[in-house]
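Summary of structural features
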Amino acid sequence: MKRIILCLSVLLASQLLTGQDLYYDVLKAVSLSGRGEAGAAAALLADRSEINSDAALLAVRGDIFLQAGKIREAKSDFMKAGSLRPGAGLYGLARCAAAEGDAQTAVSLLEAHLKSPLRKSEPEIMLDSAFSKISATPEWRALWKKDWYRVYERKSWEIDHYLKSDHAGMAADVYAELAALYPDLPVTEYCMARILMSQKRFSEAADLLEGLTSSGDVPAGWLLSLASARSGEGSYYAAAAVYERLIEARYPSPDLLMLRAGMLLRSGDREAARNEMLKYIEIDPDNTEALGLMGRTLAEEGAIYEALPYLNQNIEKHPGEASAFRLRGDAWLAARSWEKAVEDYTMSLDLDPENGLVNLNIGIALVNCGRSNDACHYLRKARNLGIREATDWLSKHCIR
């Protein structure tokens, strides 16, 4: 019996590791595709037979094949997705037909998609460049003469648009209309949570969103809003747990790793944060945000020589990015290497002279180098750019 239990344990662990490896390969492929390397992304996933049993991942791979111009392979994946979950491949197949210029087939498939519970929003469809070849055809115009969406869906999109455009008052007005018409719908509560977040009432929003997202099958966007609300109220570990939930569900967004790393850092779990950053850097080795954050994190822990390879690589890969020099300057500042900090902050300001924090930090570094006269120029500029901390440094070192 013990041998059987041991064998089962080993088998389960092996399956879990295989599943994790597949997920991280999918994330790497999504990242490559997003950086314009669709061919490499498609090659990475082409032989992963495990994907064939997962409708969601088949749709992801199908999209990557389509972006790489492999329409036959994309169609195959979308049809497999549809066989595993009814309707799951319709949208992808419509995109394939559109890419081939077949407006009649594309519109027919898209119409079937719009009648399914998996339908995408109208704004998402209208902004999809895959349909650009057929967007001027009679078939496409005829499709959109019919109103496919309910009033509450359109109002929720309107609210989302206003919030993203920083028109919170207009969003609140539309929400009042939505709540009057559909007071008991989950989407109404979700929109209320978004309104609360725009008012900085993060705890109230988080409480609403917790109830809405307690079941397993909820939109990923609702979970992302919950994570943002938890972060806004200062519950960073709770926010990290929400991102982990999306990762465990194999939501295909590499950004989840960096988002979770950021929350773990703010919650004080630096080791777990570094692990997430390392996973992300393996997926996207040249990402300036990941390299910079990893370097800064190590530098803040006093491991400056472990930090430097990441910070140096960031500058080598992104020599025109002010943030690359700023982050290495931050590392030197944390290590109290004042002269080196001044050098990097100077380079950063050459690229972005109006950065208030960099002006403050170069002033601090110059003070510590014994160059207070030089520091005062930068400290005054930092103050003028709204950095309050600069006032204290000015009063101590620049007022005679």
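Residues numbered from 1 in each chain as written. Predicted model: local features only at pLDDT ≥ 70, side-chain atom pairs only at ≥ 80, totals over all residues. Heavy atoms only, no water.

1. Topic: the overall build of the chain
Helix and strand counts for the chain come out as 23 helices and zero strands. Based on the C-alpha atoms only, the size of the chain along its principal axes is roughly 75 × 65 × 50 Å. For the chain, the residues scored as buried account for 44% of the 400 residues in total. Considering only residue pairs separated by 6 or more positions, the chain has 49% of its internal contacts joining residues 24 or more positions apart. With the model as given, the accessible surface of the chain reaches about 20,800 Å², and the carbon-plus-sulfur share is 51%. Across the chain, the centroid of the 47 positively charged side chains sits 1 Å from that of the 55 negatively charged ones. (Helix = DSSP H or I, 4+ residues; strand = E, 2+ residues; numbered from the N terminus. Buried < 20%, exposed > 50% of the residue type's maximum accessible area, 1.4 Å probe, protein only. Contact = heavy atoms within 4.5 Å. Areas by Shrake-Rupley, 256 points an atom, 1.4 Å probe, with all protein chains shown as cover. Lys, Arg positive; Asp, Glu negative; His and termini not counted. Charge placed at Lys NZ, Arg CZ, Asp CG, Glu CD.)

2. Looking at the state of the cysteines
Counted under the stated rule, the structure contains one disulfide. Bridging Cys 376 to Cys 398, the disulfide has an S-S length of 2.1 Å. Residues Cys 376 and Cys 398 are joined by a disulfide whose S-S torsion is about -100°; by sign, that bridge is left-handed. Of this pair, Cys 376 sits in helix H22 (residues 372-384) while Cys 398 sits in the segment after helix H23 (389-397), placing them 22 residues apart in sequence. (Disulfide = S-S within 2.5 Å.)

3. What to know about the nonpolar core
Most often, soluble globular proteins have nonpolar side chains that are buried together. Among the nonpolar cores identified, the biggest contains 73 residues, and Leu 209, Met 277, Leu 333, Leu 360 and Leu 379 are the most heavily contacted of them. In this view, Leu 333 contacts Trp 338, Ala 341, Tyr 345, Asn 361, Ile 364 and Ala 365; residues no more than four positions away in its chain are not counted. Residues Ile 51, Phe 65, Ala 94 and Trp 144 belong to the second largest nonpolar core, which totals 39 residues. (Core = buried A, V, L, I, M, F, W, Y, C linked by side-chain atoms within 4.5 Å.)

4. Concerning the side chain of Thr 297
Positionally, Thr 297 belongs in helix H17 (residues 288-300). Here Thr 297 falls in the buried class, since its relative accessible area comes to 1%. When neighbours within four sequence positions are excluded, Thr 297 is seen to be in contact with Leu 265, Arg 270, Arg 274 and Met 277.

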